[in-house]
Amino acid sequence: MGRHRSFEARFEHCGRFPGILYLTPEPDASFRQLTEAIADRWPETPPFGGQFDDIVPHLTIAQGQDNAVLEEAEADLRGRLPVTARVSSVDLLVHDGLRWQRRASFALG
């Protein structure tokens, strides 16, 4: 990951997948490039198990909640956006069936 530089990301808008509320990063090109580099390095583990053809960079806010909870969270978020963040590492997270745990962190240059 060291060949990729750290970068700023701005989250201005919410998006939805079925049962999921997320924030969309702007610009999203750096996230796409990182995802592609990771997929090229470990082709046996494609993003989301290869279920989707297109990479949709996003920051998951809520998942597995009732639609009413997602709508309430989205309404609350709209008044707090935009959010800006410095992206300086890529973390490897592993789901053990109950929760996500960080397995490793890779610094960006």
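Anything mentioned here points back to the structure above.
Note that the coordinates shown come from a computational prediction; the quantities given were computed from them, not determined experimentally.

Q: Mind showing me how you'd approach the overall build of the protein chain here?
A: Looking only at helices and strands, the protein chain has 2 helices and 6 strands in total. Start at the N end of the protein chain and walk to the C end: the helices and strands fall as β-β-α-β-α-β-β-β. The dimensions of the protein chain, computed from C-alpha atoms along their principal axes, are 40 × 30 × 25 Å. Out of the 109 residues belonging to the protein chain, those deemed buried represent 20%. Here the analysis covers contacts within the protein chain between residues at least 6 apart in sequence; of these, 61% occur between residues at least 24 apart. By element, 50% of the accessible surface of the protein chain is carried by carbon and sulfur atoms, the whole surface being about 7800 Å². Charged side chains of the protein chain number 12 positive and 16 negative; the gap between the two group centres comes to 8 Å.

Q: Please clarify how helix 2 (residues 67-78) should be interpreted in this entry.
A: An α-helix turns once every 3.6 residues. As a result, residues three or four positions apart point the same way. Taking 1.5 Å per residue as the helical rise, helix 2 with its 12 residues ought to reach 16 Å, and the 16 Å between its terminal C-alpha atoms agrees with that figure. Among the residues of helix 2, L70, E74 and L77 are the ones counted as buried. Buried residues along helix 2 cover an arc of 65° about the axis, so they all sit on one side. Residues of helix 2 that are exposed and point over 90 degrees away from its buried face: A68 and E72. Where the residues of helix 2 are buried, they touch strand 1 (7-17), strand 2 (20-26) and strand 3 (59-63).

Q: Which parts of the structure should I look at to understand the pattern of salt bridges?
A: Between side chains of opposite charge, a pair can form when the charged atoms approach closely. Counting across every chain of the model gives 9 salt bridges. A salt bridge links R78 to E74; the nearest nitrogen and oxygen atoms lie 3.6 Å apart. Here E74 and R78 lie together in helix 2, a separation of 4 residues that amounts to about one turn. A residue is classified by how much of its surface remains accessible, and E74, at 15% relative accessible area, is buried. Put simply, D96 and R99 hold a salt bridge, and the shortest N to O gap is 4.0 Å.

Q: Teacher, can you tell me more about the sheet that holds strand 3 here?
A: Note on sheets: strands pair through backbone hydrogen bonds, and any given pair is parallel or antiparallel. If you trace the 4 strands from one edge of the open sheet to the other, you get 3-2-1-4, paired in antiparallel fashion. Only two strands of the sheet have a single neighbouring strand rather than two, namely strand 3 and strand 4 (83-87). Strand after strand, the sheet turns through a mean of 35° between neighbouring axes, direction not considered. Bridge count between strand 1 and strand 2: 7 bridges; the pairing is antiparallel. Bridge pairing in strand 2 links H13 to T24. Here helix 1 (residues 29-41) sits on the sheet in contact with strand 1, strand 2 and strand 4, set at roughly 85° to strand 1.

Q: Could you clarify how one ought to interpret the nonpolar core in this entry?
A: Proteins that are soluble and globular tend to have nonpolar side chains buried together. Among the nonpolar cores identified, the biggest contains 14 residues, and F7, C14, L21, L23 and L108 are the most heavily contacted of them. Elements supplying a minimum of two residues to this core: strand 1, strand 2 and helix 2. The biggest single contributor to this core is strand 1, with 4 residues. When neighbours within four sequence positions are excluded, L23 is seen to be in contact with F11, H13, C14, H58, L59, I61, L77 and L81.

About the thresholds
- Residues numbered from 1 in each chain as written.
- Predicted model: local features only at pLDDT ≥ 70, side-chain atom pairs only at ≥ 80, totals over all residues.
- Heavy atoms only, no water.
- Helix = DSSP H or I, 4+ residues; strand = E, 2+ residues; numbered from the N terminus.
- Buried < 20%, exposed > 50% of the residue type's maximum accessible area, 1.4 Å probe, protein only.
- Contact = heavy atoms within 4.5 Å.
- Areas by Shrake-Rupley, 256 points an atom, 1.4 Å probe, with all protein chains shown as cover.
- Lys, Arg positive; Asp, Glu negative; His and termini not counted.
- Charge placed at Lys NZ, Arg CZ, Asp CG, Glu CD.
- Expected span 1.5 Å × (residues − 1).
- Arc of directions from axis to C-beta.
- Salt bridge = Lys/Arg side-chain N within 4 Å of Asp/Glu carboxyl O.
- Pairing = 2+ DSSP bridges.
- Axes fitted to C-alpha atoms, helices over the stretch in contact; angles between N-to-C directions.
- Core = buried A, V, L, I, M, F, W, Y, C linked by side-chain atoms within 4.5 Å.

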